[in-house]
Amino acid sequence: MSKISRKELKTDEFVLEVTKGVEFLQTNTQQLILQGIIAVVVVLAVGGGYLGYTRRSETANEVLGRAIRTLHSPIKQISLEDSPNEEFQFANAPARDSEALRQFQDIAQRYTWLSAGKIARYYVGITQESLGNLPQAETELNAAISGGNDYVGGLSRLALAGVQQRENKLGEAEQNLRYLVDH
């Protein structure tokens, strides 16, 4: 029996493995192409979803910022010399708060599942309180507590305790404040 050198043995194994790989590619070409196309579609869908979410979140944050500026805009008597295009011009607090409430309600409805929508729900509650609509304020703040994150939930619970105090529901207000202290 003739001896096969080590170099020849390795070469034959390499050639054998390459041959197997080429045969595999030749027999499974369609399946591999299909799997590649599926992978590309999945990557594009995930990337597109992320970009859409980011763009929607940025839009929601911009609208929320505008509504907060409305809520905190100064009150000034409107005169004939004022520019009609000047933004955030209100003659009294109820007019300003009503406009802010409308904006916050729109944001809370359109962007419910985004952070801006949850924050807007809190602002709907405190704006309702400042307008004197205490039952609606309580409803909105409870919704913000149950649907918000920890930060929004804590702020909402604190505001809710204030609403409950104004409604003379001192026991419920105390429970909410104790919850905040404990958590």
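The rules behind the values
Residues numbered from 1 in each chain as written. Predicted model: local features only at pLDDT ≥ 70, side-chain atom pairs only at ≥ 80, totals over all residues. Heavy atoms only, no water. Salt bridge = Lys/Arg side-chain N within 4 Å of Asp/Glu carboxyl O. Helix = DSSP H or I, 4+ residues; strand = E, 2+ residues; numbered from the N terminus. Buried < 20%, exposed > 50% of the residue type's maximum accessible area, 1.4 Å probe, protein only. Expected span 1.5 Å × (residues − 1). Contact = heavy atoms within 4.5 Å. Axes fitted to C-alpha atoms, helices over the stretch in contact; angles between N-to-C directions. Parallel < 35°, antiparallel > 145°, perpendicular 65-115°, else oblique. Left-handed = near helix turned anticlockwise from the far one by under 90°. Core = buried A, V, L, I, M, F, W, Y, C linked by side-chain atoms within 4.5 Å. Phe/Tyr/Trp six-rings, centres within 6.5 Å; stacked < 30°, edge-to-face > 60°.

Caption draft 1: Highlighting the pattern of salt bridges. Within this structure, the stated rule accounts for nine salt bridges. Here E99 makes a salt bridge to R102, at a shortest N to O gap of 2.5 Å. Taken as a pair, E99 and R102 lie in helix α3 (residues 93–110) at a separation of three residues, close to a single helical turn. For E99, a relative accessible area of 24% gives the class partly exposed. Residue classification places R102 among the partly exposed positions, given a relative accessible area of 47%. The salt bridge involving K169 is made with E138; its shortest N-O contact spans 2.9 Å.

Caption draft 2: Seen up close, helix α5 (residues 134–147). Given a rise of 1.5 Å per residue, 14 residues ought to cover 20 Å, and the 20 Å separating the end C-alpha atoms of α5 matches this to within 8%. All of the buried residues in α5 are L134, A137, E138, E140, L141, A144 and I145. As for α5, its buried residues are in contact with α4 (115–130), α6 (150–166) and α7 (170–182).

Caption draft 3: Representation of the packing of helix α2 (residues 29–71) against α4. Here α2 crosses α4 at 20°, and the two axes come no closer than 10 Å. On the basis of the axis angle, α2 is roughly parallel to α4. Two packed elements cross with a definite hand, and for α2 against α4 that hand is left-handed. For the pair α2 and α4, the contacting residues are A60, N61, L64, I68 and L71 in the first and A116, I119, A120, Y123 and T127 in the second.

Caption draft 4: Highlighting the nonpolar core. Core analysis: the largest hydrophobic core is formed by 26 residues, its most contacted members being L64, F104, I107, A120, Y122 and L141. Secondary-structure elements contributing two or more residues to this core are α2, α3, α4, α5 and α6.

Caption draft 5: A look at the packing of aromatic side chains. Evaluation of the coordinates by the stated rule reveals three aromatic pairs. Ring centres of F104 and Y123 lie 4.8 Å apart, and the angle between their planes is 10°; on these two criteria the pair is classed as stacked. Residue F104 is located in helix α3, and its partner Y123 is located in helix α4; the two are separated by 19 residues in the primary sequence. When sorted by exposure, F104 lands in the same class as Y123, which is buried. Members of the aromatic cluster, each reached through a chain of ring pairs, are F104, Y122 and Y123.

Caption draft 6: How the structure looks around α4. Between the first and last C-alpha of α4 there are 23 Å, a value that for 16 residues agrees with the 22 Å anticipated at 1.5 Å per step. Those residues of α4 lying buried are A116, G117, A120, Y122, Y123, V124, G125, T127, Q128 and E129. Against α2, α3, α5 and α6 lie the buried residues of α4. Taken from the residues just after α4, G132 is the one with a positive phi, measuring 90°.

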